[in-house]
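Spelled out, the chains give:
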Amino acid sequence: MMDGEIVYRINESNEDKSMKKSGKVYLVGAGPGDPGLITVRGKSLLEKADAVVYDYLANPKLLQLAPVDAELYYVGKKGGARHNHTQEEINDILVKLVKEGKKVVRLKGGDPFIFGRGGEELEVMADQGMAFEVIPGVTSATAAATYAGIPITHRGYTATVAFLTGHEDPTKTESNIDWEKLSTGAGTLVVYMGIKNLPNIVEKLLKYGRSPKTPVAVVRWASTPRQRSVVGTLDTIAGIVVDAGIKAPALIVVGEVVSLREKLDWYEKRPLFGRRILVTRTRQQASTLVAGLEEQGAECFECSTINIQPLENYDEIDGELERLKEYHWILFTSINGVKYFFDRLHKKGMDARDLKGPDIACVGRATADLLFNYGINADLIPNTFTGEGLAESLLDLGVEGRNILIPRAKVGYELLPETLRGAGAQVSVVPVYQNFPEGDCVDMVREKLRAGELDILTFTSSSTVKNFISMFGEEGREELFQLLKGVKLAAIGPVTGKTLRDNGLPVDVEAKEHTIDGLVEAIVDSCIDPD
């Protein structure tokens with residue numbers, strides 16, 4: 001969403017009911033940037049909100065927790081830019097929503113009571129006699145220091161810390177900060193919103209007795225994949241920040257504890273830190289891969305290339321379910337095949353007990369794990385998690401004269417059924433779901449590729465490869481291939497890798513174990529400097 005944009009998502013029936021409810025404001029600290037740092041209470045309130053009024057520093061991923069019919073209001077204030085809403089206008093929005101009987105989450109970056117103007121907003125609510133609640137958040141000061149590997153207190157260095165704002169006009173005749181007492185009065189100083197006034201802050205600290213050799217760290221976009229930290233001393237840090245191009249939002253940490261960063265830095269040393277990775281998967285399944293990559297430090301962007309949908313007609317699978325006892329094997333080649341097969345099985349009034357006749361095989365561990373959740377242990381999982389691997393394992397057991405059912409996508413890879421038929425098996429390939437290409441992310445991908453803002457693209461099936469290329473159309477294919485030069489392409493296994501090569505693209509990374517975990521491991525290995 002662009003700065004200043006107000007988005008409304010309104011469900012009329014909910015709007016009618018909201019007039020009968022008592023409105024209330026929940027002032028929720030969104031944390032410093034990492035969406036995983038929001039409190040359990042804050043998450044719970046977002047999930048039940050009628051409206052969310054959010055700031056520039058609140059991670060947009062948190063908005064996904066809100067109900068689909070919640071009203072979203074962006075009221076961010078971005079450093080160095082004109083405010084999109086004055087504080088008075090924000091107060092008016094909150095009052096209006098509460099009067100409408102809505103449960104309002106006021107989502108503020110960090111902790112709302114630490115340089116967040118939370119107290120000012122709640123004073124208005126109190127004056128209006130409105131109900132409110134405050135949920136604290138992880139403040140940016142502690143997050144910036146922690147994610148930079150700096151303990152802001154340490155028994156061997158200091159037992160005192162002070163938080164202060166650096167957002168003061170250097171031309172003012174008087175400061176609200178008692179620099180003379182503060183400069184040497186606390187072992188660690190953490191300065192919010194001080195980048196623009198950094199030279200002035202340094203001048204004040206030196207003037208009132210702080211050593212010019214005091215270590216200083218500046219941390220930008222703390223706790224996010226865009227985090228960047230620089231370290232210097234009071235007499236060098238201003239120049240270092242300019243040379244490094246560090247801008248707001250950033251925090252300044254001053255004190256001897258900064259010297260521990262070299263030993264304790266953990267966040268920026270993760271193997272994929274700084275890598276920007278595009279995940280091309282189904283909209284429903286991208287989260288597992290994204291979580292694995294982000295755990296290793298990557299910044300992920302999702303591009304849904306496949307939209308999984310139910311079938312329009314289930315007559316064919318319904319007929320096969322009536323004669324399950326005639327089959328010797330049922331083969332599941334994807335987690336979607338398992339899900340939609342059991343959805344239909346249950347709709348027919350059947351369950352896992354009806355599968356006691358045939359043996360069950362799965363293409364890989366993830367598919368088998370989902371099958372187990374339905375109460376079935378797979379009888380066969382091949383050592384190689386591909387259709388070819390499954391075919392080889394079955395051929396070793398002998399399939400001649402065997403009846404085999406493969407519930408899968410309406411359009412799928414034909415090598416497995418063809419191989420089994422060639423060995424004398426009677427194979428029924430029955431669709432239980434269908435997939436359609438998606439293309440709503442093509443502009444985002446093109447823009448990021450043109451700007452050189454993607455390092456790795458991941459592909460988890462042949463369909464993701466074909467659909468990704470088709471998104472750009474014939475007229476955009478040549479440009480796409482040019483833009484992909486210098487970008488690593490990662491495939492979950494040999495089948496997906498072959499599809500990339502068949503379409504004229506290289507395979508820079510191929511998972512040895514053909515699973516999401518295996519793909520993450522292969523990407524990490526490809527990014528580790530051998531030296």
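The structure we're discussing is the one just above.
Residues numbered from 1 in each chain as written. Predicted model: local features only at pLDDT ≥ 70, side-chain atom pairs only at ≥ 80, totals over all residues. Heavy atoms only, no water.

**Q** Now, about the sheet that holds strand E20 (residues 509-510): what can you tell me, with residues and values included?
**A** Ordered in space as E15-E14-E16-E17-E13-E12-E18-E19-E20, the nine strands form an open sheet in which the pairing is mixed. Two strands lie at the open edges of the sheet, namely strand E15 (359-362) and E20, each paired on one side alone. Alignment of strand E12 (residues 276-282) against strand E18 (residues 456-459), held across four bridges, turns out to be parallel. Within E18, the position partnered with Ile277 by the bridge is Ile456. Packing against the sheet, helix H13 (residues 365-373) makes contact with strand E14 (329-332) and E15, and its axis sits at approximately 135 degrees to E15. (Pairing = 2+ DSSP bridges. Helix = DSSP H or I, 4+ residues; strand = E, 2+ residues; numbered from the N terminus. Contact = heavy atoms within 4.5 Å. Axes fitted to C-alpha atoms, helices over the stretch in contact; angles between N-to-C directions.)

**Q** Just give me the short version of the side chain of Ser334, but keep the residues and values in it.
**A** The residue Ser334 is located in the loop between E14 and helix H12 (335-347) in this model. Ser334 gets classed as buried once you look at its relative accessible area, which sits at 18%. Among the polar contacts made by the side chain of Ser334, one reaches the main-chain amide nitrogen of Gly337 at a distance of 3.0 Å. Once residues lying within four places of it in the same chain are set aside, the contact partners of Ser334 are Val363, Thr367 and Tyr433. (Buried < 20%, exposed > 50% of the residue type's maximum accessible area, 1.4 Å probe, protein only. Polar contact = N/O pair within 3.5 Å; in protein donor to acceptor, adjacent residues only side chain to side chain.)

**Q** Explain unusual backbone geometry to me, and be specific about the residues and the numbers.
**A** The step from Ala248 to Pro249 runs through a cis peptide bond, and the omega angle for that step is 0 degrees. Mapped onto the elements, Pro249 comes out in the loop between helix H8 (237-244) and strand E11 (250-254). Of note, Arg117 is a non-glycine position whose phi angle comes to about 60 degrees, a positive value. With relative accessibility at 39%, the residue Arg117 sits in the partly exposed group.

**Q** Please set out the pairing of strand E5 (residues 103-108) residue by residue, giving values where relevant.
**A** Buried residues dominate E5, accounting for five of its six residues. In this structure, strand E2 (residues 24-29) lies alongside E5, joined through six bridges in parallel fashion. If you follow Val25 over to E5, its bridge partner there is Val104. One ladder, built from four bridges, connects strand E3 (residues 51-54) with E5; its direction is parallel. Its bridge partner being in E5, Tyr54 is matched across the sheet by Leu107.

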